[in-house]
Amino acid sequence: MSQWAKGVCARHQNIDILINNAFQFGERMRFENLSDSQWHKVVDINLMGTFRVTRSFLPALKVGRNPLIVFVGSIMGKWARAGFSTYGVSKAATEALANVLAQELAPDGIKVATVYPSRIRTGLRIAGYGSNESLSSEPLENYLSLMEHLIRSRDSFPTGSCWFPDDIGL
Ligand SMILES: NC(=O)c1ccc[n+]([C@@H]2O[C@H](COP(=O)([O-])OP(=O)(O)OC[C@H]3O[C@@H](n4cnc5c(N)ncnc54)[C@H](OP(=O)(O)O)[C@@H]3O)[C@@H](O)[C@H]2O)c1
């Protein structure tokens with residue numbers, strides 16, 4: 001992913017928006033049964049991927065127009081869900097990173113925000129819960145509207161803010 005980020009930055013010197021979306025659920029299993037390699041596989045993609053991509057894009061974001069970095073949060077980074085330690089730990093860590101970056105990048109004019117999608121039936125959820133998941137799913141359009149709102153209004157909200165679909169009446 002960092003090679004891809006370097007390629008994008010070589011083609012585009014100014015970048016306005018970075019959305020840290022890529023994540024994996026990992027296998028649903030008890031923490032005590034996780035091997036080192038199962039832990040590393042998920043945390044490397046989720047946490048190190050976010051870290052490397054964000055770092056690669058910073059020079060281009062610094063010269064972007066109202067630059068914004070969006071992190072995609074999850075309630076699993078805040079509240080425990082048994083069987084998903086790798087995902088929960090990754091989300092909690094990226095949330096902490098978002099908070100630090102909001103402070104560190106404020107002098108550069110780069111804003112940071114975290115969005116929390118509601119439950120949406122995607123490949124990630126099916127990988128984590130299986131295709132028979134009985135949990136309800138929110139419309140994808142609500143999430144896309146929230147993201148669009150965030151990008152359009154990025155010059156008017158404080159850095160470090162968190163966003164839920166409810167915040168725009170969805
Ligand atoms: N769905 C929900 O209910 C929900 C709730 C809360 C938060 N979220 C968050 O929303 C974000 C998007 O997830 P989603 O639900 O939309 O699932 P998704 O459709 O499966 O999307 C996951 C994305 O991550 C990318 N990805 C995974 N591993 C990668 C890797 N090693 N290198 C590059 N890209 C990789 C995937 O790329 P490919 O398509 O190329 O595989 C895909 O674009 C995630 O951060 C997730 O934690 C989702």
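In this text, all values refer to a predicted model and were calculated from it rather than measured experimentally.

1. Regarding the sheet that holds strand E3 (residues 111-115)
The four strands lie next to each other as E1-E2-E3-E4, forming an open sheet whose pairing is parallel. The outermost strands of the open sheet, each flanked by one partner alone, are strand E1 (17-20) and strand E4 (161-163). Each strand of the sheet is rotated relative to its neighbour by a mean of 20°, with strand direction disregarded. Sheet topology places strand E2 (residues 68-72) next to E3; five bridges connect them, and they run parallel. When the sheet's bridge partners are listed, valine 72 is paired in E3 with valine 115. Against the sheet, helix H2 (residues 36-62) makes contact with E1 and E2, and its axis sits at roughly 175° relative to E1, the strand it touches most. Where helix H3 (residues 85-105) meets the sheet, its contacts fall on E1, E2 and E3, and the angle it forms with E3 comes to roughly 155°.

2. A word on the environment of serine 2
By secondary structure assignment, the location of serine 2 is in helix H1 (residues 2-11). Note on serine 2: 13 C-beta atoms within 10 Å, which makes it partly exposed. It is 26 Å that separates the C-alpha atoms of serine 2 and glutamate 148, two residues lying 146 residues apart in sequence.

3. A short note on the site of the ligand
Around the ligand lies a shell of 15 residues, among which Ala22, Phe23, Thr122, Gly123 and Leu124 are the nearest. For the shell around the ligand, the element with the highest residue contribution is helix H4 (residues 123-129), accounting for three residues. Of the residues contributing to the shell around the ligand, the split by class is eight nonpolar, five polar and two charged.

Parameters and conventions
- Residues numbered from 1 in each chain as written.
- Predicted model: local features only at pLDDT ≥ 70, side-chain atom pairs only at ≥ 80, totals over all residues.
- Pairing = 2+ DSSP bridges.
- Helix = DSSP H or I, 4+ residues; strand = E, 2+ residues; numbered from the N terminus.
- Axes fitted to C-alpha atoms, helices over the stretch in contact; angles between N-to-C directions.
- Contact = placed C-beta atoms within 7 Å.
- Buried ≥ 20, exposed ≤ 12 C-beta atoms within 10 Å, placed from the backbone.
- Near = placed C-beta within 6 Å.
- Nonpolar A, V, L, I, M, F, W, Y, C, P; charged D, E, K, R; others polar.

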